Amino acid sequence: MQVSPLRPGSAALESLPAGGLDTVFVAAPPGSIERRAVLAHALRALRPGGTLVALAPKDKGGQRLRGELEAFGCTVAERSKARQRICEVRRPDAPTGLEAAIADGAPTFVEEIGLHSQPGVFSWNRIDPGSALLLRYLPAFAGRGADLGAGLGILARAVLAAPAVEELSLVEIDRRAVEASRKNVGDPRARFHWADVRSVPLADLDFVVSNPPFHAEGIEDRALGQAFVASAARMLRRSGTFVLVANRHMPYEDGLRVAFRSMTVLADEAGYKIIEARK
Ligand SMILES: C[S@@+](CC[C@H](N)C(=O)[O-])C[C@H]1O[C@@H](n2cnc3c(N)ncnc32)[C@H](O)[C@@H]1O
C-alpha cells in the first residue's frame, strides 16, 4: 500500500484524483468550514466503498464529526479513544453536498477585512487583535526586511506603505496563506517565501517584523515563538530592528535579551505587548 501524508497547508487537496483511493485517514482540523471541506475532499478522493477514518479531539470538532459525515450521506461507526472521536465510514455511491462543502472551504475574498483568504488560515476572516495592535505601533522602516509568519500579508501591507522600504520578504509556512498574500500584497518590493522561518536563508536585514505563532497543530508551543525570536536575530544585521507583538504571557524577553543589545516595550495593552529590540 502506498501512503501519502497531505496537509491542507502544504499540499493542494484538490489535486487528489477523484475516486482514486481505497482508504483515507483524516486528522480533522478544528475550524468547521475547513473541516467539512477536508472531509468532502477525502470522500471525493475515495472510490465508492472505500474507507474514510476521520478523527478529532472531542472539544476541537470531534463531537461534530459524526453529524458532518452523516450530512454527506454516510453511515458512521463512531468510537472514542484518548480523548479523540474516531469516525469510520464507507464512501456511499452518491454522497451529497461535497461540492458545496469544497466550495465553502476554497480561497475567497473576505469583504469585512478586504483581503483574499481561505478557511483554515490563521485568523482567516478577522484581523487578529495582536496584529491590530502591532499595526498601531509599527515604525516607518527603511531598507531590506522580513515579515516572519506573514499570514495573509496584513503587516506586510502596512510595512510597504513606507517609501524607504527597499524589499520585504514575506516568510510563511502555510501554502494557502502564501497564495492569498500574493493577491493581497501586489507591491513589487515584496518577495514571497513558502518556507519555514527556522531555516529560510535570509541575512543582513535592516528590520524584521512578526506576530509569531505560539501554537503548532492546535497545541501551545512556546518553543516555536522562541525560534522566531532566534531566527529574527540570525537574519538581522548589527543594529537591525526587530518589532514583534506577543501575548503578555509569552516568555520572549529572555531570548530577546540574549540575542539583542536592547529591548523596549512600546505598548502593553489588552493582553499584548509590542516589543522593539535592537541587535
Ligand atoms: C500569529 S500568525 C500571524 C499572521 C500574520 N502575520 C498576521 O499578523 O495576521 C503566525 C503565522 O506564522 C505561520 N507559521 C507558523 N509556523 C511557521 C514556521 N515555522 N515558519 C513560517 N511560518 C510559520 C502561521 O501559519 C501563521 O500564519
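Residues numbered from 1 in each chain as written. Predicted model: local features only at pLDDT ≥ 70, side-chain atom pairs only at ≥ 80, totals over all residues.

Peer 1: A description of the overall build of the protein should follow, citing residues and the corresponding values.
Peer 2: Scanning the protein from N- to C-terminus turns up eight helices and 15 strands. Across its three principal directions, the C-alpha atoms of the protein cover 65 × 40 × 35 Å. Buried residues in the protein amount to 40% of all 279 residues. Counted over contacts in the protein with a minimum sequence separation of 6, partners at least 24 positions apart contribute 62%. (Helix = DSSP H or I, 4+ residues; strand = E, 2+ residues; numbered from the N terminus. Buried ≥ 20, exposed ≤ 12 C-beta atoms within 10 Å, placed from the backbone. Contact = placed C-beta atoms within 7 Å.)

Peer 1: Give me the environment of Leu69: which residues, what numbers.
Peer 2: Tracing the sequence through the fold places Leu69 in helix H2 (residues 58–71). In this structure, the C-alpha to C-alpha distance between Leu69 and Val197, residues 128 residues apart in sequence, is 36 Å. Excluding anything up to four places from it in sequence, Leu69 contacts Leu39, Ala54, Cys74, Val76, Cys87 and Val89.

Peer 1: I'd like a description of the sheet that holds strand E9 (residues 190–194), backed by residues and values.
Peer 2: Here seven strands make up an open sheet; going across it, the order is E9-E8-E7-E10-E13-E15-E14 and the pairing mixed. Two strands bound the open sheet, and with one partner strand each, they are E9 and strand E14 (262–269). Sheet twist, expressed as the average angle between the axes of neighbouring strands with direction ignored, equals 15°. Relative to strand E15 (residues 272–278), helix H4 (residues 129–137) is tilted by about 50°, and along the sheet it contacts strand E13 (236–247), E14 and E15. (Pairing = 2+ DSSP bridges. Axes fitted to C-alpha atoms, helices over the stretch in contact; angles between N-to-C directions.)

Peer 1: So what's going on with the environment of Pro29? Residues and values would help.
Peer 2: Positionally, Pro29 belongs in the loop between strand E1 (21–27) and helix H1 (32–45). C-beta crowding within 10 Å serves as the criterion here: with 24 such atoms nearby, Pro29 is assigned to the buried category. Taking the C-alpha atoms as reference, Pro29 lies 17 Å from Ser80; in sequence the two are 51 residues apart. Ignoring anything within four residues of it in the chain, the contact list for Pro29 reads Glu34, Arg35, Val38 and Gly120.

Peer 1: Go over the sheet that holds strand E2 (residues 46–57), please, and point to the residues and values.
Peer 2: Whenever strands of a sheet pair, they do so through backbone hydrogen bonds, lying parallel or antiparallel. Here four strands make up an open sheet; going across it, the order is E1-E2-E4-E3 and the pairing mixed. Of all strands in the sheet, those bounded by a partner on one side alone are E1 and strand E3 (77–81). The average undirected angle you get between the axes of adjacent strands in this sheet is 15°. Sheet topology places E1 next to E2; six bridges connect them, and they run parallel. Within E2, the residue paired with Ala27 across the bridge is Leu55. Sheet strands touched by H2: E2, E3 and strand E4 (84–90). Its angle to E2, the strand with the most contacts, is close to 150°.

Peer 1: Break down H1 for me, with residues and values.
Peer 2: Relative to the 20 Å expected for 14 residues at 1.5 Å per residue, H1 spans 20 Å between its end C-alpha atoms, a close match to the ideal helical length. Across the 14 residues that make up H1, a large majority, twelve, are buried. Buried within H1 are the following residues: Glu34, Arg35, Arg36, Ala37, Val38, Leu39, Ala40, His41, Ala42, Leu43, Arg44 and Ala45. Residues of H1 that are buried sit in contact with E1, E2, H2 and helix H3 (98–104). (Expected span 1.5 Å × (residues − 1).)

Peer 1: Tell me about the nonpolar core, and name the residues and values.
Peer 2: Counting 47 residues, the largest nonpolar core has Ala146, Ala156, Val159, Leu168, Val208, Ala232 and Phe242 as its most contacted members. Here this core takes six residues from E13, the largest share from any one element. For Ala146, the residues in contact, after removing those within four places along its chain, are Leu168, Ser169, Val171, Leu202, Leu205, Val208 and Met235. If you look at the next biggest cluster of nonpolar residues, it comprises 22 residues, including Ala37, Leu39, Cys87 and Leu98. (Core = buried A, V, L, I, M, F, W, Y, C linked by C-beta atoms within 7 Å.)

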